[in-house]
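What the coordinates show
Each chain, letter by letter, is given below.
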Amino acid sequence: MKNKLLRVPLVSLVAGLILSAIEHNVVLRMVKDSTEWTLKMGDTVYYFSLVLCVVLFIAAGLFCFKDMTKKEIAKSASLVVLYQIIVLVAEQLFQMFASYSITFMYLFVPVSLYTTLYQMLLKNLPLSSFILIIPSMFTPYLFILFGNKDVEKLKTEMKSTDTAQ
């Protein structure tokens, strides 16, 4: 991919679509033979989603960001963070005016990989949801862990190794 600035947003969108599709299938299978939704079903979906998010995050990090510097990943992740802030503010404004559109469900798909952290914090910490949303909004920056310090140095090393052979 030539434009590295869009890498984190595209990875987030693809991961969000995969996560949403799998979660919906899990829920459909769970309610197929049931007439009611139970807390145990909700917990099962939550833990399944948590594991799936971790797997998707690590896989994306290992396969999509190895040719990017940490600085490039940070710039790219900033686009996702900005998007998440805009959608969250819009959602809150719509709720203030007693209106909520199903559109927000679709607008949050690209960041659903990161909202799992929010769900985990909300489930385990007795703090306000507005305080807990802040760490999850900056989760895309964790992709920096998969970046290289200096890609040019890496390319030079690879060329010298190829030449030596």
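1. Quick look at the overall build of the chain
Along its length, the chain carries seven helices and zero strands. Its helices and strands in sequence order give the chain the pattern α-α-α-α-α-α-α, from N to C terminus. By the burial criterion, 33% of the 165 residues in the chain qualify as buried. The contacts in the chain between residues at least 6 apart in sequence include a share of 77% that link residues at least 24 apart. Of the roughly 10,800 Å² of accessible surface on the chain, a fraction of 70% belongs to carbon and sulfur atoms.

2. A look at the side chain of Thr-139
Among the secondary structure elements, Thr-139 is positioned in the loop between α6 (129-137) and α7 (151-164). The exposure class of Thr-139 is buried, given its relative accessible area of 9%. Side-chain polar atoms of Thr-139 contact the backbone oxygen of Pro-135, separated by 3.3 Å. Sequence-distant contacts of Thr-139, defined by excluding residues within four places in its chain, comprise Phe-57, Tyr-114 and Leu-117.

3. Quick notes on the nonpolar core
Where a protein is soluble and globular, its nonpolar side chains tend to be buried together. In this structure, Val-8, Phe-65, Ile-73, Phe-108, Leu-113, Tyr-114 and Phe-143 are the most contacted members of the largest nonpolar core, which totals 27 residues. Elements that contribute at least two residues to this core include exactly α1 (7-31), α2 (39-64), α3 (70-96), α5 (112-124) and α6. With residues up to four places along the chain from it excluded, the contact list for Tyr-114 reads Val-8, Ser-12, Phe-57, Val-80, Ser-136, Thr-139, Pro-140 and Phe-143.

4. A few points about a nonpolar patch on the surface
Taken together, the side chains of Leu-5, Leu-6, Leu-10, Leu-13, Leu-17 and Leu-79 make up a nonpolar region of the molecular surface, amounting to roughly 470 Å² of accessible area. No other element matches the three residues that α1 contributes to the nonpolar patch. On the accessibility criterion, Leu-17 (49% relative accessible area) is partly exposed.

5. Observations regarding the packing of α1 against α5
Packing of α1 against α5 brings their axes to within 8 Å, and their N-to-C directions diverge by 70°. It follows from the interaxial angle that α1 and α5 lie roughly perpendicular. Contacts from Val-8, Ser-12, Ala-15, Gly-16, Leu-19 and Ser-20 of α1 reach α5 at Ser-112, Leu-113, Tyr-114 and Thr-116. Here the contact of α1 with α5 is composed, by residue class, of five nonpolar, five polar and no charged.

6. A word on α5
Between its terminal C-alpha atoms α5 stretches 19 Å, which fits the 18 Å expected from 13 residues at 1.5 Å a residue. Taken residue by residue, α5 has Ser-112, Leu-113, Tyr-114, Thr-115, Thr-116, Tyr-118 and Leu-121 as its buried positions.

7. Let's talk about the confidence of the model for the chain
Confidence in the prediction for the chain averages 86 pLDDT; 89% of positions are at 70 or higher. For the chain, the element scoring lowest by mean pLDDT is α7, at 60; α3 scores highest, at 93.

8. A look at the packing of aromatic side chains
Going through the model one piece at a time under the given rule, you end up with eight aromatic pairs. When the ring of Tyr-46 is compared with that of Tyr-47, the centres are 4.8 Å apart and the planes differ by 70°; the resulting orientation is edge-to-face. The buried category is assigned to Tyr-46, whose relative accessible area is 10%. The class of Tyr-47 is partly exposed, set by a relative accessible area of 46%. Taking the centre distance of 6.4 Å and the plane angle of 85° together, the rings of Tyr-114 and Phe-143 count as edge-to-face. Placement of Tyr-114 in helix α5 and of Phe-143 in the loop between α6 and α7 is noted, with a sequence separation of 29 residues between them. In this structure Tyr-114 comes out as buried when scored by relative accessible area, which is 0%. Judged by its relative accessible area of 0%, Phe-143 falls in the buried class.

How each quantity is defined
- Residues numbered from 1 in each chain as written.
- Predicted model: local features only at pLDDT ≥ 70, side-chain atom pairs only at ≥ 80, totals over all residues.
- Heavy atoms only, no water.
- Helix = DSSP H or I, 4+ residues; strand = E, 2+ residues; numbered from the N terminus.
- Buried < 20%, exposed > 50% of the residue type's maximum accessible area, 1.4 Å probe, protein only.
- Contact = heavy atoms within 4.5 Å.
- Areas by Shrake-Rupley, 256 points an atom, 1.4 Å probe, with all protein chains shown as cover.
- Polar contact = N/O pair within 3.5 Å; in protein donor to acceptor, adjacent residues only side chain to side chain.
- Core = buried A, V, L, I, M, F, W, Y, C linked by side-chain atoms within 4.5 Å.
- Patch = residues over 30% accessible without salt bridge, like charges linked within 9 Å, V, L, I, M, F, W, Y side chains within 5 Å.
- Salt bridge = Lys/Arg side-chain N within 4 Å of Asp/Glu carboxyl O.
- Axes fitted to C-alpha atoms, helices over the stretch in contact; angles between N-to-C directions.
- Parallel < 35°, antiparallel > 145°, perpendicular 65-115°, else oblique.
- Nonpolar A, V, L, I, M, F, W, Y, C, P; charged D, E, K, R; others polar.
- Expected span 1.5 Å × (residues − 1).
- pLDDT = per-residue confidence, 0-100.
- Phe/Tyr/Trp six-rings, centres within 6.5 Å; stacked < 30°, edge-to-face > 60°.

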